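# Report on the structure
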Amino acid sequence: MSGQTQGRQCLCERLGPAFSDNEKRKGGIINTIVKLAKTCILRLTVCKLYFILSDKVANGGASMWCELSQGNFFDEFQMEGVAAEHNEIYLEFVPENLWRALKTAQSAKAVKIKLTNKHCPCLRVAVELPSLSSSSRIVTHDIPVGVIPRRMWNDFREPSMPDFDVSIYLPVLKTMKSVVERMKNLSNFIVIEANLSGEMNLKIETDLVSVTTHFKDLGNPPWASEDGCQSSGQGRDLESMAEACIDIKKLQQLLAGQQVNPTKALCNIVHKRIVHFILLHEEVSLQYFIPAIA
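Residues numbered from 1 in each chain as written. Predicted model: local features only at pLDDT ≥ 70, side-chain atom pairs only at ≥ 80, totals over all residues. Heavy atoms only, no water.

## Description of the sheet that holds strand β18 (residues 274-280)
Read across the sheet, 9 strands follow the order β11-β7-β3-β4-β5-β19-β18-β17-β12 without closing on themselves; strand pairing throughout is antiparallel. Strands at the two margins of the open sheet, each flanked by one partner only, are β11 (146-147) and β12 (166-169). (Pairing = 2+ DSSP bridges. Helix = DSSP H or I, 4+ residues; strand = E, 2+ residues; numbered from the N terminus.)

Here you go:
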């Protein structure tokens, strides 16, 4: 079983428990992407899948890079790119459409996804449902996709790590989400500030109100450069705060999609320029970049 589109074919057969049996893990990944991106790029390689949002940070847009190992999500996985030396596929699609299709697969015996091109390029999601008879019931969803030509692939490469001033572990995301949701009712912007002593503050300031929530003893990740020395933040006053004012809605969208707490969550702050969030699960890494507002 295979599908072809402009010389590309892919087959992702029989999704594993992350998408069918375990809704919490599924919600923590796909639902997060739905919250962050109306449309995104799906990059398929032999070993990994990537969900990419590349709004121009310079123009105030957020960007996302979500990386998954296909072996943790699929029992079987086959794909063939445009050529042996370029064995990748890039597709543009609406993640909510995939989320809706996968919601029908919660009790499925098997789920198969393939790239087809009958009337237009589509991801076909075939859901095999339990049946009282010997025959199977199969529900099919066709999700329209756009095939990204190879000349544009460089627009969707992994973003580089910013030269941050402070890196800090985040507090419990449910707690942070609750704080941000309350603050969102008071202001459109939020200031995130942190130092190298494990302290982080969330602040809003308007003409009518000033509110600050303090977090302490969060810890700071040990970053090392290629020569083994401490990298960004080296020589910085441990108590000195780095801060960035960002769109509170973009932060709330990131936190709202987190239905399973990651094993590690941290943020890197480039003073008054950008906040870079990193969320790590066992089989998933998610990076999210929110530019500062001047």
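## Some thoughts on the nonpolar core
In this structure, Phe51, Met200, Leu202, Leu251 and Phe277 are the most contacted members of the largest nonpolar core, which totals 72 residues. Setting aside its immediate chain neighbours within four residues, Leu202 contacts Met176, Val179, Val180, Met183, Ile190, Val191, Ile192, Val211, Thr212, Thr213 and Phe215. The next biggest cluster of nonpolar side chains, apart from the first, holds 8 residues, and it includes Ile41, Ile52, Trp65 and Trp153. (Core = buried A, V, L, I, M, F, W, Y, C linked by side-chain atoms within 4.5 Å. Buried < 20%, exposed > 50% of the residue type's maximum accessible area, 1.4 Å probe, protein only. Contact = heavy atoms within 4.5 Å.)

## Side note on the confidence of the model for the protein
Close inspection of predicted coordinates is inappropriate in any region flagged by low pLDDT. Chain-level statistics for the protein give a pLDDT mean of 82 and a share of 84% at 70 or above. The model gives residues 16-24 a pLDDT under 50, and that stretch makes 18 contacts with residues more than four places away or in other chains. (pLDDT = per-residue confidence, 0-100.)

## Side note on helix α2 (residues 95-103)
Regarding α2, the residues found buried are Pro95, Leu98, Trp99, Ala101 and Leu102. Along the axis of α2, the buried positions cluster into a sector of 165°, meaning they face one direction only. (Arc of directions from axis to C-beta.)

## Things to note about the environment of Glu76
Examined against the element boundaries, Glu76 turns out to sit in strand β6 (residues 74-80). A relative accessible area of 37% places Glu76 in the partly exposed class. Separated by 36 residues in sequence, Glu76 and Lys112 place their C-alpha atoms 9.4 Å apart.

## A few points about the state of the cysteines
A full pass over the atoms with the stated rule returns 0 disulfides. Not part of a disulfide, Cys40 finds its nearest cysteine sulfur in Cys66, a span of 9.1 Å. For Cys40, a relative accessible area of 2% translates into the label buried. (Disulfide = S-S within 2.5 Å.)

## A word on the pattern of salt bridges
Applying the stated criterion to the full structure yields 7 salt bridges. The partner of Arg157 in a salt bridge is Glu88, with the nearest N and O atoms 3.7 Å apart. Of this pair, Arg157 sits in the loop between β11 and β12 while Glu88 is found in the loop between β6 and β7 (89-93), placing the two residues 69 residues apart along the sequence. Under the relative-accessibility criterion, Arg157 is labelled partly exposed at 35%. (Salt bridge = Lys/Arg side-chain N within 4 Å of Asp/Glu carboxyl O.)

## A look at the environment of Leu286
Topologically, Leu286 is positioned in strand β19 (residues 284-291). Exposure remark for Leu286: the relative accessible area of 6% places this residue in the buried category. Sequence-wise, Leu286 and Phe51 are 235 residues apart; in three dimensions their C-alpha atoms are separated by 9.1 Å. Those residues in contact with Leu286, other than ones at most four positions away along the chain, are Thr32, Leu36, Met64, Trp65, Cys66, Leu254, Gln258, Phe277, Ile278 and Leu279.

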